[in-house]
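What follows is the residue order along each chain.
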Amino acid sequence: GFAVRLTVAAVGRFGTGRGAVERTLFDDYVKRLSQPFELREVTEKRRLPAAQLRQREGTLLLAQVPKGAPVVALDAGGRVLSSPALAKRLDQWQSAGIRDLAFLIGGAEGLDAAVLERADLVLSLGAMTWPHLLVRVLLAEQLYRAQCIQAGHPYHRR
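The shown structure was predicted, so the numbers you read here are calculated from the model rather than taken from an experiment. Sequence order as written defines the numbering, with residues in each chain counted from 1. Only residues with pLDDT of at least 70 are given local features in this predicted model, and only at 80 or more are side-chain atom pairs given and counted; all residues enter the totals for whole chains, interfaces and linings. Derived side-chain values reflect all non-hydrogen atoms in the structure, with water molecules and hydrogen atoms excluded from consideration.

A word on the packing of aromatic side chains
- Stacked, edge-to-face and tilted labels apply to pairs of Phe, Tyr and Trp rings (six-membered ring for Trp) whose centres lie within 6.5 Å, assigned for plane angles under 30 degrees, over 60, and everything in between, in that order. The tally for this structure, following the rule as stated, stands at three aromatic pairs.
- Ring geometry for Phe-14 against Phe-26: centres 5.3 Å apart, planes inclined by 50°, an arrangement best described as tilted. Taken together, the residues Phe-14 in the loop between β1 (5-11) and α1 (20-32) and Phe-26 in helix α1 connect sequence positions twelve residues apart. The same class applies to Phe-14 and to Phe-26, which are both buried. Here a strand is any run of E in DSSP of at least two residues, a helix any run of H or I of at least four, and the numbering for each starts at the N terminus. Throughout this description, buried means an accessible area under 20% of the type-specific maximum (1.4 Å probe, protein chains only), exposed means over 50%, and partly exposed covers the range between.

Listed below in structure tokens is the structure:
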């Protein structure tokens, strides 16, 4: 069927030492996705004060958003959706003929106001704080779970 291209733009890089375990988990879920998927990692090398760093990272993240793509920003202050509710929202975008969908994950300082303003959905993974590399894993898992829900696949029950 019609597949929406998924872009995840995230601050920071998966390492080979630290971050290798998260990368393995992330790749495992991404491999199971039927949709085209791209991870775009951004980093600001300069040491900047927190607010400036957040702003700069926000600019770098927004630059990765494909033209016309709705934006889902992952932020602790966002909406908490059940897996079926997220699957339904993704389905609605797909039904509306959306070609691209972008997910933005901030760094340690969180997301800049400009990113949150641009977002069509600000999504929270719950009240707990997660390491940003694990947020990628959790997002990839939820995207795979959404695909299973849409397909009526039993994975979702686990």
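Quick word on the sheet that holds strand β5 (residues 121-124)
- Pairing between strands is defined by DSSP: at least two bridges between them are needed. Pairing is parallel across the open sheet formed by five strands, whose spatial order is β2-β1-β4-β3-β5. One side of each edge strand has no neighbouring strand; the edge strands of this open sheet are β2 (37-42) and β5. For this sheet the average axis-to-axis angle between neighbouring strands, irrespective of direction, equals 35°.
- Here β1 runs beside strand β4 (residues 100-105); their pairing, made up of six bridges, is parallel. By the bridge assignment for β4, Val-8 is matched with Phe-103. Every angle, taken between N-to-C directions, lies between 0 and 180 degrees, and every axis is a line fitted to C-alpha atoms, over only the stretch in contact when it is a helix.

Remarks on the pairing of β1
- Of all seven residues in β1, six are buried, a share of seventy percent or more.
- Two strands pair when backbone bridges link them, and β1 and β2 are joined in this way by six bridges, in the parallel orientation. Note that in β2 the partner of Val-11 across the bridge is Val-42.
- Note on handedness: a clockwise path from strand one over the helix to strand two, with the strands aimed away from the viewer, defines a right-handed crossover. With α1 bridging β1 and its parallel neighbour β2, the resulting β-α-β unit is right-handed.

Nothing here speaks to function; it is geometry throughout.
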